[in-house]
Amino acid sequence: MNNDPLNKIEKLSTLKEKGMITEEEFNSKKQILLDSLGSCNETTNKENDEGTYWLSIPSMILGIFVMLACFDEANWDNDTIVGAFLFIILSLTLGIISISIQKKGKGMAIAGIILSLLSALMVIGSAQ
């Protein structure tokens with residue numbers, strides 16, 4: 001508890017009562033300690049709203065890509081189906097991570113997840 005500013009202020013008041021420091025020294029040091037306490041609270045309570053919420057964008061793009069690929073009427077071989085499932089899994093993973101981590105952009109992540117799930121159903125349905 002040596003770094004606790006309130007504890008240090010109590011020690012300063014004890015020194016002031018004993019006459020070891022003056023009133024002016026006490027007030028200036030107390031103000032420094034209170035400022036450091038206030039800056040600690042500000043940094044812990046600040047929420048960073050800057051930056052892009054990029055994780056939901058690839059989820060949405062991959063979901064759209066696979067959904068559009070499902071409308072292709074060509075016969076798919078096993079490699080194409082495995083590639084489609086790879087994109088579906090990537091889109092689902094990025095969407096789920098985006099929802100759990102980011103505060104904004106959840107709508108695009110949910111849309112990417114839904115598109116991926118629909119694409120997976122379409123690929124499974126067309127493979128049989």
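Residues numbered from 1 in each chain as written. Predicted model: local features only at pLDDT ≥ 70, side-chain atom pairs only at ≥ 80, totals over all residues. Heavy atoms only, no water.

**Student:** Can you walk me through the pattern of salt bridges in this structure?
**Tutor:** Side-chain pairing between opposite charges can occur once the charged atoms of the two side chains come close. Taken as a whole and assessed by the stated rule, the structure comprises 1 salt bridge. Between Lys16 and Glu23 there is a salt bridge whose closest N-O contact spans 3.4 Å. Here Lys16 falls in the partly exposed class, since its relative accessible area comes to 27%. A relative accessible area of 44% places Glu23 in the partly exposed class. (Salt bridge = Lys/Arg side-chain N within 4 Å of Asp/Glu carboxyl O. Buried < 20%, exposed > 50% of the residue type's maximum accessible area, 1.4 Å probe, protein only.)

**Student:** Help me understand the packing of helix H4 (residues 78-101) against helix H5 (residues 106-127), please; the structure alone is not making it clear to me.
**Tutor:** For any two helices packed against each other, one specifies the inter-axial angle together with the distance between the axes. Here H4 crosses H5 at 155 degrees, and the two axes come no closer than 8 Å. Looking at the two axes, H4 sits roughly antiparallel to H5. For the pair H4 and H5, the sense of crossing is left-handed. Residue-level inspection shows Ile81, Ala84, Phe85, Ile88, Ser91, Leu92, Gly95, Ile96, Ser98 and Ile99 of H4 in contact with H5, the latter providing Lys106, Ala109, Ile110, Gly112, Ile113, Ser116, Leu117, Ser119, Ala120, Val123, Ile124 and Ala127. Taken together, the residues that form the contact of H4 with H5 break down as 15 nonpolar, 6 polar and 1 charged. (Axes fitted to C-alpha atoms, helices over the stretch in contact; angles between N-to-C directions. Helix = DSSP H or I, 4+ residues; strand = E, 2+ residues; numbered from the N terminus. Parallel < 35°, antiparallel > 145°, perpendicular 65-115°, else oblique. Left-handed = near helix turned anticlockwise from the far one by under 90°. Contact = heavy atoms within 4.5 Å. Nonpolar A, V, L, I, M, F, W, Y, C, P; charged D, E, K, R; others polar.)

**Student:** What exactly am I supposed to notice about the environment of Lys16 here?
**Tutor:** Inspection of the secondary structure puts Lys16 in helix H1 (residues 5-17). For the pair Lys16 and Phe26, spaced 10 residues apart in sequence, the C-alpha to C-alpha distance is 6.7 Å. One polar contact links Lys16 to Glu23, side chain to side chain, over a distance of 3.4 Å. (Polar contact = N/O pair within 3.5 Å; in protein donor to acceptor, adjacent residues only side chain to side chain.)

**Student:** Just checking my understanding: could you explain H5 for this structure?
**Tutor:** The α-helix advances 3.6 residues per turn, and as a result positions three or four apart in sequence lie on the same side. Between its terminal C-alpha atoms H5 stretches 31 Å, which fits the 32 Å expected from 22 residues at 1.5 Å a residue. Burial in H5 covers these residues: Ala109, Gly112, Ile113, Leu115, Ser116, Ser119, Ala120 and Val123. Along the axis of H5, the buried residues cluster in a sector spanning 170 degrees; they form a single face. Along H5, exposed side chains directed more than 90 degrees from the buried face belong to Gly107 and Leu121. Looking at the buried residues of H5, the elements they touch are helix H3 (56-70) and H4. (Expected span 1.5 Å × (residues − 1). Arc of directions from axis to C-beta.)

**Student:** Would you mind going over the confidence of the model for the protein chain with me for this structure?
**Tutor:** Detailed conclusions should not be drawn from predicted coordinates in areas where pLDDT is low. Confidence in the prediction for the protein chain averages 80 pLDDT; 84% of positions are at 70 or higher. For the protein chain, helix H2 (residues 23-45) is the element with the lowest average pLDDT, namely 75, and H4 is the one with the highest, namely 86. (pLDDT = per-residue confidence, 0-100.)

**Student:** Help me understand the side chain of Ser56 in this model?
**Tutor:** Topologically, Ser56 is positioned in helix H3. Of the residues examined, Ser56 reaches a relative accessible area of 0% and is grouped as buried. Among residues more than four places away in sequence, those in contact with Ser56 are Ser98, Gln102, Gly105, Met108 and Ala109.

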